[in-house]
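Each chain, written out:
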Amino acid sequence: MPTINPVKGTHDVIADEADAYAFIESLFFSIAESYGYRHIVTPVIEHTEVFDRAAGEGSDVVRKEMYTFLDKGDRSITLRPEGTAGVMRSIVTNKLYATPDLPLKYYYCGTAYRYERPQLGRYREFRQLGVECVGENSVYLDAETIAFAYHFLEALGFESIKLKINTLGDKASREAYKTALRAYFADKIDGMCADCHERLRLNPLRILDCKVPEDHELAKMAPKIQDYLSPESKARYEKTVELLRRLDIAFEEDPSLVRGLDYYGEVVFEVHCISPEGKDYGAICGGGHYEGILSSFGGPSEIDVGVGFGMGVERIYSLMKEFGLTERLVSQTDVILMPLGDGAVDTAYFLADAIRGLGYSVEATYRSGKLGSFFKRAERKKAKLALIFGEDEIAKNTVQVKDLQAQQQEEVALAALTEYLRTKLGAAE
């Protein structure tokens, strides 16, 4: 029988990688809750119009990357390509906005799907972390959300990250800017890529994000949004910048930064990972301020503002691994049991159960073996303590305990083993 491989753009997450994912997500949840966010879980499938309404027809996600199909009732269903739209739909569906306690603050983590070219840390099936802060139009919340993303990546151990920010202005500012972009690209579009032809028609801001080298060079020469900002948007952006500076968060202003989804307005941002040699690995997090999503689902327009960000777990993990940040995340075994002789296997079975009952992780092999093979296994499992016992130890109700890090060994009575383990390993969580 031929081997069946995973679908292109997907992969199995196993052992050390799975442990690292769990650590990344757990840390994210903890920090999100320290900022006052609550957990939300939305379905992985939604009616296609959820993403059409939220992301906008001009976005590459909607035009090219969504996994969309007809179900058995001929309804158009889409696997979620990002988290924001589903959260907004849920807020309206469940009338979560009917509360005096605004803003609503939710964090999420779930699988998402995009049909794009797989590359380093980027898959067609991926896990996305994100937050949404909805219902209050505050520059302080904008800045706080950016700071959250930045500090989370710092907490993961990234020492060289670069925050890039820009403003897309309010609706009037964007409309004036789009008019200027259409005029600028009008006599250049014939020589540009097919995607840019479509972007010029639907949303010329998307052209600024084109990755085709020749088109990218043309985009660099395009008018800048700063020249079309309303006084209110200009003042808002300057306040955001001031708040970030006061938190000692370094940033770079990037007038070409527009993000990939049409719901953004006012401040947008990305966090890039930089190698010690100065290589930019690209964005590992992105987000910004948005308006108009809630009302597109029938929610109240008076609180239809928000700010949030998203990031891919696989992308973060791949770069942590690249920079040696995952070594501390590898799961360690607290205790490995080494029964010497067939008569010790029965003792190993019950001893393993008792130690697990104390809350410690145990690696147990229910067959007698040689010490050499046991110690090799202990090294592979990164065990902390080895419990060695044969007929002599069983007769005396003792075990030999070897500290595999200090390379010290001593005999411990079974009656004193619980207290010994707590002293050596600390209280189990």
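For the structure, see preceding data.
Reading the values: rules and limits
- Residues numbered from 1 in each chain as written.
- Predicted model: local features only at pLDDT ≥ 70, side-chain atom pairs only at ≥ 80, totals over all residues.
- Heavy atoms only, no water.
- Helix = DSSP H or I, 4+ residues; strand = E, 2+ residues; numbered from the N terminus.
- Buried < 20%, exposed > 50% of the residue type's maximum accessible area, 1.4 Å probe, protein only.
- Areas by Shrake-Rupley, 256 points an atom, 1.4 Å probe, with all protein chains shown as cover.
- Pairing = 2+ DSSP bridges.
- Contact = heavy atoms within 4.5 Å.
- Axes fitted to C-alpha atoms, helices over the stretch in contact; angles between N-to-C directions.
- 1 Å grid on protein atoms, 1.4 Å probe; cavity = no way out; pocket = protein on both sides within 12 Å on 5 of 7 lines; lining within 4 Å.
- Points joined across faces, edges and corners; volume = space filled by probe spheres on them.
- Nonpolar A, V, L, I, M, F, W, Y, C, P; charged D, E, K, R; others polar.
- Lys, Arg positive; Asp, Glu negative; His and termini not counted.
- Salt bridge = Lys/Arg side-chain N within 4 Å of Asp/Glu carboxyl O.
- Core = buried A, V, L, I, M, F, W, Y, C linked by side-chain atoms within 4.5 Å.
- Polar contact = N/O pair within 3.5 Å; in protein donor to acceptor, adjacent residues only side chain to side chain.

Caption draft 1: Focus on the overall build of the protein. Each helix and strand in the protein was counted, giving 15 helices and 16 strands. Considering only C-alpha atoms, the protein reaches an extent of 90 × 55 × 50 Å along its principal axes. Counting the 429 residues in the protein, one finds 51% classified as buried. By element, 49% of the accessible surface of the protein is carried by carbon and sulfur atoms, the whole surface being about 21,100 Å².

Caption draft 2: Representation of the sheet that holds strand β6 (residues 125-134) within the structure. The strand order β1-β5-β6-β11-β10-β9-β7-β8 describes an open sheet built from 8 strands, whose pairing is mixed. For this open sheet the edge positions go to β1 (38-39) and β8 (251-253), each flanked by a neighbour on one side alone. In this sheet, strand β9 (residues 264-274) lies alongside strand β7 (residues 161-167) in antiparallel orientation, the contact comprising 7 bridges. Paired with asparagine 166 across the two strands is valine 268, which belongs to β9. Here helix α9 (residues 231-246) sits on the sheet in contact with β7, β8, β9 and β10 (280-291), set at roughly 160° to β7.

Caption draft 3: Representation of empty space enclosed by the protein within the structure. Applying the stated criterion to the full structure yields 1 cavity of 30 Å³ or more. Every residue along the wall of the largest cavity is listed here: Gly169, Asp170, Lys171, Arg174, Tyr263, Gly265, Glu266, His289, Tyr290 and Glu291. Within the residue set of the lining of the largest cavity, elements represented by two or more residues are α6 (171-185), β9 and β10. Residue contributions to the lining of the largest cavity peak at 3 residues, all from β10. For the lining of the largest cavity, a count of residues per class yields 2 nonpolar, 3 polar and 5 charged.

Caption draft 4: Quick peek at the sheet that holds strand β14 (residues 385-389). Pairing within the open sheet is mixed, and its 5 strands lie in the order β13-β12-β14-β15-β16. Taken across any chain shown, the strands that pair with only one partner, and hence form the sheet edges, are β13 (362-363) and β16 (408-413). Where helix α12 (residues 345-357) meets the sheet, its contacts fall on β12 (335-339), β13, β14 and β15 (398-403), and the angle it forms with β12 comes to roughly 165°. Sitting on the sheet, helix α15 (residues 417-425) is in contact with β12, β14, β15 and β16, with an inclination near 150° to β16.

Caption draft 5: Focus on the side chain of arginine 174. Topologically, arginine 174 is positioned in helix α6. We note that arginine 174 is buried and unpaired, the nearest opposite charge coming from glutamate 291 at a distance of 5.5 Å. Other than its neighbours up to four places away in sequence, arginine 174 contacts Leu168, Gly169, Leu205, Tyr264, Gly265 and Glu266.

Caption draft 6: The arrangement of the environment of arginine 206 in detail. Within the element layout of this structure, arginine 206 appears in the loop between α7 (194-202) and α8 (213-220). The class of arginine 206 is buried, set by a relative accessible area of 5%.

Caption draft 7: Region of interest: the nonpolar core. Of all hydrophobic cores here, the largest spans 46 residues; its most connected members are Phe152, Leu153 and Phe158. Broken down by element, this core gets its largest block of residues, 8 residues, from helix α5 (residues 139-155). Discounting chain neighbours no more than four positions away, the residues touching phenylalanine 158 are Leu153, Cys273, Ile284, Ile316, Leu319, Met320, Phe323 and Leu325.

Caption draft 8: Here's a closer look at the environment of asparagine 137. Inspection of the secondary structure puts asparagine 137 in the loop between β6 and α5. For asparagine 137, a relative accessible area of 44% corresponds to the partly exposed category. Spatially, the C-alpha atom of asparagine 137 lies 5.9 Å from that of valine 305, the residues being 168 residues apart in sequence. Aside from chain neighbours lying at most four places away, what touches asparagine 137 is Arg236, His289 and Val305. A polar atom in the side chain of asparagine 137 sits 2.9 Å from the side chain of arginine 236.

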